[in-house]
Structures are given as C-alpha cells and as structure tokens.
Amino acid sequence: MLRLLVLGSAAGGGFPQWNSNDAASKRARAKDPAAPCRTQSSLAVTSDDRRWVIFNASPDLRQQINDNAALHPSNGLRHSPIAAVVLTNGDVDHVVGLLTLRESQPFSLYATERVLSVLRANSIFNVLNPEYVERRRMPLNQPFEVCDRAGDGTGVVVEAFAVPGKVALYLEDASAGANFGSRPEDTVGLRIAARDNAAQCFYVPGCAALTGDVEDRLAGAPLVLFDGTLWRDDEMIVAGVGTKTGRRMGHMSVSGPDGTIAAFEKLGVKRKIFVHMNNSNPILLADSPERAAIAQAGWEAAHDGMEIRL
Ligand code: MLT
Ligand code: MN
C-alpha cells in the first residue's frame, strides 16, 4: 500500500504569489472556488498510515503540516509522524522548509551528494542538529528503503535518477556556459514504491526534457506526478511578469509540440498529474480552456490536500 498526499501543488512562490497582482491571483485572494490557493511544491507518502516521508520541504511546510491531520503530532508532548525528508533538488521551494523542522525532532534527510554539499555550504541548515537529524546520501539508480533516524524502514522505497534540469537559481554560475554549471545530481526524479513493489509511482516535480532514459523508466507506469510549471515556454514573458522562458528555468512546458502532453502520448502512463504549477500557468484555474485541454489529454492538475491510494 502507498498513500500519497499532495501537500503543495504550486511551484516556487505559490498561488497566489505574494507580489502577484494579476487576474488569477486576485481570484485566488477573493476565494474564487475555481482558483483555489496552492502552497509550494511538496508531497507526503506513507506505506503504513503511521510514518510519513516528505518529498521536498517547501517554505510552506509549517502550514502544510497544520493543514493535514495525518502530519500532526499524536504521541506525547513532542512527536511527529514525519520520519524522513527526501529532496529532489536544492531549489529554494524544496529546501527552505527544512528550517521549519529544526526543533530537536529526529528524522532522516536524504539527498544526492551534490544537494547535500549545497546544504553543508549553507550554515543556516546547521539548525538541523546532527544529533537529531541524520543526513544520508541518496544514490542514483539504486533503490533503497527510506529509514527513519533510528534506522527503521518506513516501507517506502525510493529510486532516484538524474533528469535534465538546472542548478538552483542561487547557485547559477554565469561563467559556466549555457547550463550555468548544472550537474547530473542537481535534479532527480524519483520512483516511489511500497516495500513489496505492489504499488509504485513516479514523482518528477522538475524536468527540462524527456530523455530516452526517463521515457523508458516512466513508460507504462500506473501514476506519474510531473513538472507542470508552465503552460507555454514564453508565458511569463508574454504576460509581462518575467524575462525567462521555461527552458531557461529548467522546465519543459505543458503544451506545444515539444511539451509534456505530447511527450507522454506514447508512454502509456495510466494516471498523469501535474504538480509544481507556476502562478502564471492557466491550468491552475478550473474554468480555463487550458485546464479543459489537459483533461482532454488525460491529465489532472493536482490540488493541495489531494490524496491518492495505490
Ligand atoms: C524552479 O523550480 O525553477 C525554482 O524553484 C525557481 C526558484 O528558485 O524560485
Ligand atoms: Mn521550483
């Protein structure tokens, strides 16, 4: 058994983003039911309904824990069902929530060696006292069972694999050429499975392109939660809210001939859900033609609190 809980379905900035004054953000602030607020990118998974693994620790993690009863303390004066945190990259929207988890609570933290080195280089993360929080290197292409701080298995198995992406914005090296110094371990996708492999899914909140290797992994999967950052590559430029394309930010876009919908057409994935959706993406709006278009193509837009049992 695997139980998934989408803690945050938006990309960095959330929806509405604090400084966004566009029509969609205004609708969200006005509590329009077709434009529900969304917190930043995170997924929680359990295989025993008791201990949870958090995939990416968003800046909204405190609110996400408060909003989801499954993550509330339930045993003694200090307790958390969060046994471990697994990171898919070192982006701000995926690591800042670690600072929320700083209250001498035991858990284990998994990331690639590259992302662990980024955390080590930022001394603010030393608020995670090593006496309580054990940082563990996540290998690539090698399934492992996520364990809690004491080393007990959670029943959740993870296999990380490199996907095309970009180094975190705050680490970009303009002198390093077109990829800003990005390395293969900067961005990973994850296969998440129950210990007995009876249930499995893929979580890929950031991906710049579908390589043959990634296609082979995802083909025929029962469930994929995938990067839905932008509807079209130049949408932030066209809307006048940014200067970067999706490609420049390390994200493939949902629509178009090179887009995610087209790329998945031949993969035979049974259930396809967009996560990490930017506040500029019209699929956030339940009544938009773009939302109708993804539904027509067999895709769903995740929402905060969305629960899936496998
Ligand atoms: C991204 O997904 O592109 C990043 O989270 C952007 C950011 O650092 O804000
Ligand atoms: Mn992001």
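That block above? That's the structure.
As a starting point, this report considers the structure included with it. All of these numbers come straight from a predicted model, not from anything done at the bench.

## Comments concerning the side chain of H94
Then comes step 1: With respect to the helices and strands, H94 occurs in helix α3 (residues 92-95).
Then comes step 2: When its relative accessible area of 1% is taken as the criterion, H94 is described as buried.
Then comes step 3: There is a polar contact of 2.7 Å between the side chain of H94 and the side chain of S41.
Then comes step 4: Every residue in contact with H94, bar those within four places of it in the chain, is listed here: S41, N56, A57, L87, T88, N89, P205 and H276.

## Comments concerning the site of ligand 1
Then comes step 1: Taken together, D91, D93, L169, M249, H251 and H276 form the complete shell of residues around ligand 1.
Then comes step 2: Within the side chain of D91, an N or O atom sits 3.2 Å from an oxygen atom of ligand 1.
Then comes step 3: For ligand 1, an oxygen atom lies 2.8 Å from a polar atom in the side chain of H251.
Then comes step 4: When ligand 1 sits alone it has 270 Å² of accessible area, and the protein chains cover 76% of it.
Then comes step 5: Taking a 2 Å distance to the grid points as the criterion, the majority of the atoms of ligand 1 fall inside the largest pocket.
Then comes step 6: Residue classes in the shell around ligand 1 are distributed as 2 nonpolar, 2 polar and 2 charged.

## Some remarks on the layout of surface pockets
Then comes step 1: Roughly 760 Å³ of internal volume is contained in the largest pocket.
Then comes step 2: Together, 34 residues line the largest pocket, and G12, L169, M249, H251 and N278 are the ones closest to its centre.
Then comes step 3: Residue composition of the lining of the largest pocket, by class: 10 nonpolar, 19 polar and 5 charged.
Then comes step 4: Each pocket or cavity is described by its volume, and for the second largest pocket that value is around 410 Å³.
Then comes step 5: Along the walls of the second largest pocket sit 17 residues, with I65, H79, S80, T100 and E103 positioned nearest its centre.
Then comes step 6: When residues of the lining of the second largest pocket are assigned to their parent elements, the largest contribution, 3 residues, is made by helix α2 (residues 61-67).
Then comes step 7: When its residues are assigned to classes, the lining of the second largest pocket shows 7 nonpolar, 6 polar and 4 charged.

What counts and how
- Residues numbered from 1 in each chain as written.
- Chains lettered and ligands numbered in written order.
- Predicted model: local features only at pLDDT ≥ 70, side-chain atom pairs only at ≥ 80, totals over all residues.
- Heavy atoms only, no water.
- Helix = DSSP H or I, 4+ residues; strand = E, 2+ residues; numbered from the N terminus.
- Buried < 20%, exposed > 50% of the residue type's maximum accessible area, 1.4 Å probe, protein only.
- Polar contact = N/O pair within 3.5 Å; in protein donor to acceptor, adjacent residues only side chain to side chain.
- Contact = heavy atoms within 4.5 Å.
- Near = heavy atom within 4 Å.
- Areas by Shrake-Rupley, 256 points an atom, 1.4 Å probe, with all protein chains shown as cover.
- 1 Å grid on protein atoms, 1.4 Å probe; cavity = no way out; pocket = protein on both sides within 12 Å on 5 of 7 lines; lining within 4 Å.
- Sits in = over half its atoms within 2 Å of the grid points.
- Nonpolar A, V, L, I, M, F, W, Y, C, P; charged D, E, K, R; others polar.
- Points joined across faces, edges and corners; volume = space filled by probe spheres on them.

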